[in-house]
Each structure stands twice: as structure tokens, then as C-alpha cells.
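The primary structure of each chain is shown beneath.
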Amino acid sequence: MSHPVFNEATVAIRKGPLVGPVLGRVVGMLAARAQCPIDRLDDAMLLTDAVAAHAPAHTTEAHVRVVVSADEDGLELRVGALSRDGAGDLLADAELPGVGNVFTRVADEVDTRAAGDGVGELVLRLRFAPA
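Because the structure is predicted, anything quoted here is derived from the model rather than measured.

What follows covers the pattern of salt bridges. Summed over all chains, the structure comprises nine salt bridges. Arg-125 is paired through a salt bridge with Glu-76; the nearest N and O atoms lie 2.7 Å apart. One end of the pair, Arg-125, is in strand E7 (residues 120-127); the other, Glu-76, is in strand E3 (residues 74-82), with 49 residues separating them in the sequence. By relative accessible area, Glu-76 is classed as buried at 16%. Asp-111 is the partner of Arg-113 in a salt bridge, and the nearest nitrogen-oxygen pair spans 3.0 Å. With a relative accessible area of 34%, Arg-113 lands in the partly exposed category. Overlapping salt bridges bring together Arg-40, Asp-43, Glu-76, Arg-78, Asp-108, Glu-109, Arg-125 and Arg-127 as one network.

Here it is in C-alpha cells:
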């Protein structure tokens, strides 16, 4: 009897040049452990690059905090500790001329949340198999 593979890691990376490389490696490691197909791994790296490029401008702290979870069905990134409008602003920043929004084009689900304390969160979900 096989058991579902579930992996989760919370990373807090100081704003700066290491956000992308560190987040990319954590996402890659957890995706590999969850048997992520190669084409979806490429998509996960696109999401990771966009988060690394734009999230630092919208965090309420000196670091970017991302909870990464992966199981046999997919991968989820929860980018947190964003300013009150940070989730929506981060989503808007992922808009590229001639391409569209990286998050909405690549992720299967995109959700912006605001906590009661005024802190926002952007949730990106990537399924490994068609729904």
C-alpha cells in the first residue's frame, strides 16, 4: 500500500540576490520528491522566478516568506507577510507586456488573501495532472 508523498517547507529569505536561487532550489527539491513532471517543474520555476523578482517590494518584513508544499497532485506556494494591498500589487507586477500575467498564465489557481491583521498573502497552485 503506497502512501501519498507530502512535503512542506517554510523559507524566509532576506531581500536581495539570494531570493531566487534559494527559493528555486527549495521548490525544485520538494517538487522532485513529489514526482513532479518535468514540464510542470519548468512552470514551477517560472512562478518561483516571478515571486523572487516582485515579492520583495511588497513584504512587510526584511525577508520574503514562502511556504512551499508539494504532494502527488501538485505544488503550492504561499507568499506571505505582504502589505495590506501587497497580494494584489504582487499579482499586478507579474504582468509582462506582450505575454500577460505570469502567475495567471502558468498557475492553475491564483488566490489573494488578506488576513485580519492587514497582512496579505498570494497563493499559487500548480497541478501535476490535468483536472
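Any two packed helices are characterised by how steeply their axes cross, that is the angle between the axes, and by the distance between the axes. Contact geometry for helix H1 (residues 19-33) and helix H2 (residues 38-54): axes closest at 9 Å, N-to-C directions at 150°. Compared by their axis directions, H1 and H2 come out roughly antiparallel. The element H1 and its partner H2 pack so that their crossing is right-handed. In this structure, H1 uses Val-19, Gly-20, Leu-23, Gly-24, Val-27, Gly-28 and Ala-31 to contact H2, whose residues at the interface are Leu-41, Ala-44, Met-45, Thr-48, Val-51 and Ala-52.

Let us now look at the environment of Arg-113. Mapped onto the fold, Arg-113 is located in strand E6 (residues 109-114). Spatially, the C-alpha atom of Arg-113 lies 25 Å from that of Gly-28, the residues being 85 residues apart in sequence. Non-local contacts of Arg-113, meaning those with residues more than four positions away in its chain, are made with Arg-78, Ala-87, Val-119, Gly-120, Glu-121, Val-123 and Arg-125. Among the polar contacts made by the side chain of Arg-113, one reaches the side chain of Asp-111 at a distance of 3.0 Å.

Cut-off values and rules
- Residues numbered from 1 in each chain as written.
- Predicted model: local features only at pLDDT ≥ 70, side-chain atom pairs only at ≥ 80, totals over all residues.
- Heavy atoms only, no water.
- Salt bridge = Lys/Arg side-chain N within 4 Å of Asp/Glu carboxyl O.
- Helix = DSSP H or I, 4+ residues; strand = E, 2+ residues; numbered from the N terminus.
- Buried < 20%, exposed > 50% of the residue type's maximum accessible area, 1.4 Å probe, protein only.
- Axes fitted to C-alpha atoms, helices over the stretch in contact; angles between N-to-C directions.
- Parallel < 35°, antiparallel > 145°, perpendicular 65-115°, else oblique.
- Left-handed = near helix turned anticlockwise from the far one by under 90°.
- Contact = heavy atoms within 4.5 Å.
- Polar contact = N/O pair within 3.5 Å; in protein donor to acceptor, adjacent residues only side chain to side chain.

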